[in-house]
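The chain contents come next:
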Amino acid sequence: MSDEEHHFESKADAGASKTYPQQAGTIRKNGYIVIKNRPCKVVEVSTSKTGKHGHAKCHFVAIDIFTAKKLEDIVPSSHNCDVPHVNRTDYQLIDISEDGFVSLLTDSGDTKDDLKLPTDDSLLKQIKEGFAEGKDLVVSVMSAMGEEQICALKDIGPK
């Protein structure tokens, strides 16, 4: 055997995959699926039985969880689909910078400064108005496949 040591570059995550495989026939409405390399929430599933030697097919209609675009896919029900690991984390809002980035407080007491304000107009307006009024706001951040976006807002009372 060789005596040389192997050096591996360390990654921020533990080499965990951004998605995991799941059989198409087991994915249900309100579940998640990857369509055209985008993480999506399934809004409609229909299964069709096909001919004598064909496969049953699943027709998915899903909405991208970050851009809200509607995507569709048809997959044989026995095949595997990619399902994204979707996490939702709550952070307290500390500050909104002039360039559209937010400063958030994590549970460990650190700050997270790499998130932009959401593109959704009503949510953006709620965050800016609540912050201007000096309310204590908690934002929910949805993360999947290396992307993060603010998806909801909670008011935990005045400062």
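Summary of the structure given here. Every value quoted in this text rests on a predicted model; they were computed, and no experiment measured them.

### Description of the overall build of the protein
- Scanning the protein from N- to C-terminus turns up 1 helix and 11 strands.
- The linear arrangement of helices and strands in the protein, starting from the amino end, is β-β-β-β-β-β-β-β-β-α-β-β.
- Taking all 159 residues of the protein together, the buried fraction comes to 31%.
- Element-wise, carbon and sulfur atoms account for 48% of the exposed surface of the protein, whose accessible area totals about 10700 Å².

### Things to note about the state of the cysteines
- Across all of its chains, the model carries 0 disulfides by this definition.
- For cysteine 81, which is in no disulfide, the shortest distance to another cysteine sulfur is to cysteine 58 and amounts to 7.5 Å.
- Among the residues examined, cysteine 81 registers a relative accessible area of 8% and is labelled buried.

### Some details on the pattern of salt bridges
- One pass over the structure, following the stated rule, counts 7 salt bridges.
- With a closest N to O distance of 2.9 Å, lysine 154 and aspartate 90 form a salt bridge. Of this pair, lysine 154 sits in strand 11 (residues 147-158) while aspartate 90 sits in strand 7 (residues 86-96), and the two are 64 residues apart along the sequence.
- For lysine 154, a relative accessible area of 42% corresponds to the partly exposed category.
- A salt bridge links glutamate 148 to lysine 112, with the nearest nitrogen and oxygen atoms 3.0 Å apart. With a gap of 36 residues between them, glutamate 148 in strand 11 and lysine 112 in strand 9 (residues 111-116) connect regions that are remote in the sequence.
- Glutamate 148 sits in the partly exposed class, given a relative accessible area of 34%.
- Lysine 112 gets classed as buried once you look at its relative accessible area, which sits at 14%.
- If you follow the salt bridges from partner to partner, you end up with Arg38, Asp64 and Glu147 in one network.

### As for helix 1 (residues 121-132)
- Between the first and last C-alpha of helix 1 there are 16 Å, a value that for 12 residues agrees with the 16 Å anticipated at 1.5 Å per step.
- Positive phi appears at glycine 134, one or two residues downstream of helix 1, with a value of about 80 degrees.

### Focus on the pairing of strand 9
- Pairing of strand 8 (residues 101-105) with strand 9 involves 4 bridges; the strand directions are antiparallel. Bridged to phenylalanine 101 within strand 9 is lysine 116.
- Taking the residues between adjacent antiparallel strands as the criterion, strand 8 and strand 9 are bridged by 5 residues, where glycine 109 takes a positive phi near 95 degrees.

### Looking at the environment of phenylalanine 60
- Counting through the fold element by element, phenylalanine 60 comes out in strand 4 (residues 57-64).
- For phenylalanine 60, a relative accessible area of 0% corresponds to the buried category.
- Once the C-alpha coordinates of phenylalanine 60 and lysine 41 are considered, the two residues, 19 residues apart in sequence, prove to be 9.8 Å apart.
- Ignoring sequence-local partners within four residues, the contact set of phenylalanine 60 consists of Ala24, Ile27, Ile33, Ile35, Val42, Glu44, Val45, Leu71, Glu72, Asp73, Val75 and Cys81.

### Examining the sheet that holds strand 5 (residues 70-76)
- Spatially, the 4 strands line up as an open sheet ordered 2-3-4-5, and their pairing is antiparallel. With one partner strand each, in any of the chains shown, strand 2 (32-35) and strand 5 form the two edges of the open sheet. Averaged over all pairs of adjacent strands, the angle between strand axes in this sheet comes to 45 degrees, irrespective of strand direction.
- Examined bridge by bridge, strand 2 and strand 3 (residues 38-48) share 4 bridges and lie antiparallel to one another. Bridging from a neighbouring strand, valine 34 pairs with proline 39 of strand 3.

### A word on the side chain of serine 103
- Counting through the fold element by element, serine 103 comes out in strand 8.
- Since its relative accessible area comes to 15%, serine 103 is described here as buried.
- Here aspartate 113 takes part through its side chain, which lies 2.7 Å from a polar atom of the side chain of serine 103.

Rules used throughout
Residues numbered from 1 in each chain as written. Predicted model: local features only at pLDDT ≥ 70, side-chain atom pairs only at ≥ 80, totals over all residues. Heavy atoms only, no water. Helix = DSSP H or I, 4+ residues; strand = E, 2+ residues; numbered from the N terminus. Buried < 20%, exposed > 50% of the residue type's maximum accessible area, 1.4 Å probe, protein only. Areas by Shrake-Rupley, 256 points an atom, 1.4 Å probe, with all protein chains shown as cover. Disulfide = S-S within 2.5 Å. Salt bridge = Lys/Arg side-chain N within 4 Å of Asp/Glu carboxyl O. Expected span 1.5 Å × (residues − 1). Pairing = 2+ DSSP bridges. Contact = heavy atoms within 4.5 Å. Axes fitted to C-alpha atoms, helices over the stretch in contact; angles between N-to-C directions. Polar contact = N/O pair within 3.5 Å; in protein donor to acceptor, adjacent residues only side chain to side chain.

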